[in-house]
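Each chain is listed here by its residues.
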Amino acid sequence: MPTGITPFQTKLTSPLTKKEINVLQINLGKRCNLACNHCHVEASPKRTEELSLATCLELIELIYKFPEIEIVDLTGGAPEINFGFKPLVEAAKGAGKEVIVRSNLTIYFVEGFGHLPGFFAQNQVRIVASLPCYLADNVDKMRGNGVFDDSIQALQWLNQVGYGKNPDLSLDLVYNPELPNSEKFPLTPEQTGLELAYKMFLQEHFDIVFNNLLTITNLPIGRTKLHLERKQLYSSYLQFLEMQFNYDTLENLMCRNQLSVDYLGNIYDCDFNQMMNLPAKDHHGQNLTISKLLDNGSLEVISQVQTADYCYGCTAGCGSSCGGALV
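All values reported here derive from a predicted model rather than from experimental measurement.

Cut-offs and rules
- Counting from 1, residues in each chain are numbered in the order their sequence is written.
- In keeping with the model being predicted, local features are shown solely for residues with a pLDDT of at least 70 and side-chain atom pairs are shown and tallied solely at 80 or more, while totals for entire chains, interfaces and linings include all residues.
- Calculation of side-chain values draws on the structure's entire complement of heavy atoms; hydrogens and water are dropped beforehand.
- A pair of aromatic rings is counted whenever rings of Phe, Tyr or Trp (Trp by its six-membered ring) have centres within 6.5 Å, and the orientation is called stacked for planes under 30 degrees apart, edge-to-face for over 60 and tilted otherwise.
- In DSSP terms, a helix is any run of H or I states spanning at least four residues, a strand is any run of E spanning at least two, and both are numbered starting from the N terminus.
- Think of it in three bands: with a 1.4 Å probe and only protein chains considered, a residue is buried below 20% of the maximum accessible area for its type, exposed above 50%, and partly exposed in between.
- A ring has a charge above it when a Lys NZ or an Arg CZ is no more than 6 Å from the ring centre and no more than 35 degrees off the ring normal.
- When a carboxyl oxygen of Asp or Glu is within 4 Å of a side-chain nitrogen of Lys or Arg, the pair counts as a salt bridge.
- Strands are labelled as partners when DSSP assigns at least two bridges between them.
- Residues are treated as being in contact if the distance between any of their heavy atoms lies within 4.5 Å.
- Helix axes are fitted to C-alpha atoms over the stretch in contact, other axes to C-alpha atoms as well, and angles between N-to-C directions run from 0 to 180 degrees.
- In this analysis, the protein atoms alone were mapped onto a 1 Å grid. Cavities are point sets where a 1.4 Å probe fits without being able to get out; pockets are open sets with protein on both sides within 12 Å along at least five of seven lines; lining residues have an atom within 4 Å of a point.
- Grid points are joined across faces, edges and corners, and a volume is the space filled by probe spheres set on the points.
- Residue polarity follows a fixed list, in which Ala, Val, Leu, Ile, Met, Phe, Trp, Tyr, Cys and Pro are nonpolar, Asp, Glu, Lys and Arg are charged, and the others, Gly among them, are polar.

Caption draft 1: Examining the packing of aromatic side chains more closely. Per the stated rule, a full pass over the model turns up 16 aromatic pairs. With a centroid separation of 5.5 Å and 45° between ring planes, the pair formed by Phe-185 and Phe-240 is classed as tilted. Of this pair, Phe-185 sits in the loop between β5 (171-175) and α7 (191-206) while Phe-240 sits in helix α9 (residues 234-243), and the two are 55 residues apart along the sequence. The class of Phe-240 is buried, set by a relative accessible area of 14%. A ring pair is formed by Phe-245 and Tyr-247, whose centres lie 4.6 Å apart and whose planes are at 80°; its orientation type is edge-to-face. Judged by relative accessible area, Phe-245 falls into the buried class, the value being 13%. A residue is classified by how much of its surface remains accessible, and Tyr-247, at 44% relative accessible area, is partly exposed. Aromatic rings pair up to connect Phe-85, Tyr-108, Phe-109, Phe-119, Phe-120 and Trp-157 into one cluster. Here the guanidinium or amino end of Lys-86 rests over the ring plane of Phe-119, the centre of that ring lying 5.0 Å away. When the ring centre of Phe-210 is taken as reference, the NZ or CZ atom of Lys-199 above it lies at 5.5 Å.

Pasting the structure below:
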């Protein structure tokens, strides 16, 4: 624990408990066509970790077995290029679930993936797309040269097939702050106002429309943590996040109603815990897997959410989650 940080669990007045599970988030692997400098997964084209056939089949069984799962949320890496992506989309839609795909947009221009916008529209997949700023320089600085232009073209393509226009084809964008280079740490901007700025700029300059903007704080894990450590800002950033702690966010934390699954079939409370290898525990304190959930016949086997100091990132200010601001 860095000096001067109150352990997150100590900050709570009572343990963080699970609610009824209705979201299954699956990280299909760490393969990606990009290597963004803020990526908490540390994904890149050089990574090879991805879902196996056996784990994919278990996930499909899980999706069909538990009707209380309302949303299947697919992430990565670039989920689209990891094994099992299409079978999971089709299984989830066949089981009547809402499917979310967390897309980096540029994957559509990689050879062999140009069919994706049509596939998404055909299956009425909700797209949550990364666009950490509406200005080209900021995006390219975080994600790589040329990423902004490709992202704009991809968004225009999605609009052409109905996304952002057809009420059945939802297109949301994700904002991430730039990584800090000094102790002038900003909170993530207020979501509603920033969404309006995004919509006005993208409509005026590129004739792009979308549904919602989701603001997500950079948690001090993965490449964000490495950056902070290089700049000797890791402890001070955590102290800043703790100073902005907001009790009102606790009710809506995403870890409370979801299960996060890695490409090996291990279960976590959230994707951040997954990347930090902090597994979910059952009532007996044992690590959970897909196989154990299937054998148990219930998803309600976790009493308490596992927490760590980086949880201050989700509870600072208006809060942060895979669905954006919490309050």
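Caption draft 2: Region of interest: the pattern of salt bridges. Applying the stated rule across the entire model yields 10 salt bridges. The salt bridge partner of Glu-242 is Lys-11, with a shortest N-O separation of 3.1 Å. Taken together, the residues span a long stretch of sequence, with Glu-242 in helix α9 and Lys-11 in helix α1 (residues 8-11) at a distance of 231 residues. Given a relative accessible area of 22%, Lys-11 falls into the partly exposed group.

Caption draft 3: Representation of the sheet that holds strand β3 (residues 98-103) within the structure. Here we have 8 strands laid out as an open sheet, ordered β6-β5-β4-β3-β2-β1-β7-β8, and mixed in their pairing. Pairing within the sheet leaves two strands with one partner each, and these edge strands are β6 (212-215) and β8 (267-268). Of the pairings in the sheet, the one linking β5 to β6 comprises 4 bridges and is parallel in character. Bridge assignment links Val-174 to a residue of β6, and that residue is Leu-214. Of the strands in this sheet, β5 and β6 are in contact with α7, which crosses β6 at around 130°.

Caption draft 4: Highlighting empty space enclosed by the protein. Using the criterion set out here, one finds 3 cavities of 30 Å³ or more in the structure. Residue lining of the largest cavity: 31 residues in total, with His-38, His-40, Thr-75, Ser-130 and Asn-176 positioned closest to the centre. Mapped by element, the contributors of at least two residues to the lining of the largest cavity are β3, β4 (126-130) and α10 (271-275). Here the lining of the largest cavity is built from residues that sort into 14 nonpolar, 14 polar and 3 charged. Approximately 190 Å³ is the volume attributed to the second largest cavity. Looking at the second largest cavity, it is lined by 23 residues, and the ones nearest its centre are Pro-177, Pro-186, Leu-187, Thr-188 and Thr-217. Counting residues per element, the lining of the second largest cavity draws most heavily on α9, which supplies 3 residues.

Geometry only, nothing functional implied.
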